[in-house]
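Residue strings, one per chain:
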Amino acid sequence: MPDDFVIARNPEEGTTLPYLLRIPWGPDGVVLKAKETWPRTGKVYCHRAVGWPRDPEIIEQVPVRSCVRRGASIDLVLDRGRENRSQFVLTRIRGGREAIFWQTARTAKQARPAVAIPTARGSGVAGLEIVVDSHERYAWKFEHQQVTTTRRALRAGDYGVVDGDRVLAAVERKSLQDLVGTLTSGKMRYLLADLSALPAAAVVVEDRYSSVFKLDRVRPAVVADSLGECHARFPTVPIVFCETRALAQEWTYRFLAAALVHHGEETHVETEASDLPSAAPPSPAEVREWARNQGLAVSDRGRISAEVLDAFARRST
């Protein structure tokens, strides 16, 4: 797999996307056309490209520290001091047409400023349905959130969001006393093991972390060490101290709404968005088949004319 992020001139004439980007993701990398060489003032629109040129005019080549696919995005971290973190987001715009946007944290914030409104919907989800475990006593009612609740048995956690019979995310609620008892009895490991099997999960504590060091019936250091061990052993299941019952409900609501949206993005990528293009050039057989379907003259063997290759390259613009 290519291990550098490469920017080159787009050899196509008359294009509004004058640059080519080769992203080191997948066995041959991914090639996109782009309008800019970096998202400095706003999101940069990108488009699929057909292969990587044989003799590209390289503008910039930078080693890559990390390139990871997360749902509908590719997170790219370059090995340099400035302009090193960015993200390629695969989405669909008006009319259902696919679009790819290249953004940084700063340009994403400029495009969609963060506004703290207590009554805002969690992740934009209207009427979130939260499943409450049937064994949960004195269950939260989410009076201040836009939520409907139903009761049923959950395999793990006290509150969750589901897709049919599949639990997408769950939250285990704990008071400080309950947390201490679960930690000191050794039950926490089994609880976290069950939660870690879910796509997303967390433990929410209705108290401050500082309250751990005010305990008088158990050594605070024992509880603190146990919490550290839980985080190290089960890093995908955070234990979040939310200070009060009301804040714990609010955090749980936001977390479950975000998990539901993330699941929708994953489903979109799997069922609607086609795979991102490979940097490997198309095979002659693929080009010949396409040309014949378009009524273009092409030989059965030997070199394919430049006109046919250019027409094949322009087919997705």
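Higher on the page you've got the structure.
Read on for an overview of the structure.

**Quick look at the overall build of the protein**
Thought 1: Of the regular secondary structure elements, the protein holds 7 helices and 14 strands.
Thought 2: Expected size for 317 residues packed as a compact globule is a radius of gyration near 20 Å; at 26 Å, the protein overshoots this value by more than 25%.
Thought 3: Of all 317 residues assigned to the protein, the portion counted as buried reaches 43%.
Thought 4: The long-range fraction of contacts in the protein, counting pairs at least 24 apart against all pairs at least 6 apart in sequence, stands at 57%.
Thought 5: Within the protein, the 40 negative side-chain charges are centred at a point lying 3 Å from the centre of the 44 positive side-chain charges.

**Section: the side chain of Ser 73**
Thought 1: Its place among the elements puts Ser 73 in strand β6 (residues 73–78).
Thought 2: On the basis of relative accessible area, Ser 73 is assigned to the buried category, the value being 10%.
Thought 3: In terms of polar contacts, Ser 73 uses its side chain to reach the side chain of Gln 87, at 3.5 Å.
Thought 4: Residues contacting Ser 73, with those up to four places away along its chain left out, are Val 68, Gln 87, Phe 88 and Val 89.

**Focus: the packing of aromatic side chains**
Thought 1: Here the structure, examined in full by the defined rule, presents 11 aromatic pairs.
Thought 2: Taking the centre distance of 5.4 Å and the plane angle of 75° together, the rings of Trp 38 and Trp 102 count as edge-to-face. Remark: Trp 102 occurs in strand β8 (residues 98–103) and Trp 38 occurs in the loop between β3 (30–34) and β4 (44–48); sequence separation between them is 64 residues. Grouping residues by exposure puts Trp 38 and Trp 102 together as buried.
Thought 3: When the ring of Trp 290 is compared with that of Phe 312, the centres are 5.5 Å apart and the planes differ by 85°; the resulting orientation is edge-to-face. Residue Trp 290 is located in helix α6 (residues 284–293), and its partner Phe 312 is located in helix α7 (residues 306–314); the two are separated by 22 residues in the primary sequence.
Thought 4: What makes Trp 290 buried here is its relative accessible area of 18%.
Thought 5: On the basis of relative accessibility, which here comes to 3%, the residue Phe 312 falls in the buried class.
Thought 6: These aromatic residues form a ring-pair network of at least three members: Phe 5, Trp 38, Phe 88 and Trp 102.

**Here we look at the pattern of salt bridges**
Thought 1: Inspection of every chain in the model, using the stated rule, returns 15 salt bridges.
Thought 2: A salt bridge links Lys 33 to Glu 12; the nearest nitrogen and oxygen atoms lie 3.1 Å apart. Here the residue Lys 33 occupies a position in strand β3, and Glu 12 occupies one in the loop between β1 (4–9) and β2 (19–23), the gap between them amounting to 21 residues.
Thought 3: Across the pair Glu 206 and Arg 173 runs a salt bridge whose closest N-O atoms are separated by 3.6 Å.

**A word on the packing of helix α2 (residues 176–185) against helix α4 (residues 220–233)**
For any two helices packed against each other, the geometry is given by the interaxial angle and the distance between the axes.
Thought 1: Two numbers describe how α2 lies on α4: the axes approach to 10 Å, and their chain directions differ by 75°. Taken as axis vectors, α2 and α4 run roughly perpendicular relative to one another. Residues Leu 179, Val 180 and Leu 183 of α2 lie in contact with α4, whose contacting residues are Val 223, Ser 226, Leu 227 and Cys 230.
Thought 2: By residue class, the composition of the contact of α2 with α4 is 6 nonpolar, 1 polar and no charged.

**Brief notes about unusual backbone geometry**
Thought 1: For Tyr 138, which is not glycine, the phi torsion reads 55° and is therefore positive.
Thought 2: Checked against the element boundaries, Tyr 138 lands in the loop between β9 (128–133) and β10 (147–152).
Thought 3: Residue classification places Tyr 138 among the exposed residues on the basis of a relative accessible area of 63%.
Thought 4: Positive phi values are uncommon outside glycine, yet Glu 243 reaches one of about 75°.
Thought 5: The topology assignment puts Glu 243 in the loop between β14 (239–241) and α5 (245–271).

**Digging into the environment of Arg 155**
Thought 1: Counting through the fold element by element, Arg 155 comes out in the loop between β10 and β11 (159–163).
Thought 2: For the pair Arg 155 and Asp 194, spaced 39 residues apart in sequence, the C-alpha separation works out to 7.8 Å.
Thought 3: Residues within four places of Arg 155 in sequence aside, it is in contact with Asp 194, Ala 197 and Leu 198.

**A short note on the pairing of strand β5 (residues 58–70)**
Thought 1: Bridge analysis of β1 against β5 gives 5 bridges, and the strand direction is antiparallel. Residue pairing across strands places Val 6 opposite Gln 61, the latter belonging to β5.
Thought 2: Between β5 and β6, which pair antiparallel and follow one another directly, the connecting turn spans 2 residues, one of which, Gly 71, has a positive phi of 60°.

About the criteria used
Residues numbered from 1 in each chain as written. Predicted model: local features only at pLDDT ≥ 70, side-chain atom pairs only at ≥ 80, totals over all residues. Heavy atoms only, no water. Helix = DSSP H or I, 4+ residues; strand = E, 2+ residues; numbered from the N terminus. Rg over C-alpha atoms; globule rule 2.2 N^0.38 Å. Buried < 20%, exposed > 50% of the residue type's maximum accessible area, 1.4 Å probe, protein only. Contact = heavy atoms within 4.5 Å. Lys, Arg positive; Asp, Glu negative; His and termini not counted. Charge placed at Lys NZ, Arg CZ, Asp CG, Glu CD. Polar contact = N/O pair within 3.5 Å; in protein donor to acceptor, adjacent residues only side chain to side chain. Phe/Tyr/Trp six-rings, centres within 6.5 Å; stacked < 30°, edge-to-face > 60°. Salt bridge = Lys/Arg side-chain N within 4 Å of Asp/Glu carboxyl O. Axes fitted to C-alpha atoms, helices over the stretch in contact; angles between N-to-C directions. Parallel < 35°, antiparallel > 145°, perpendicular 65-115°, else oblique. Nonpolar A, V, L, I, M, F, W, Y, C, P; charged D, E, K, R; others polar. Pairing = 2+ DSSP bridges.

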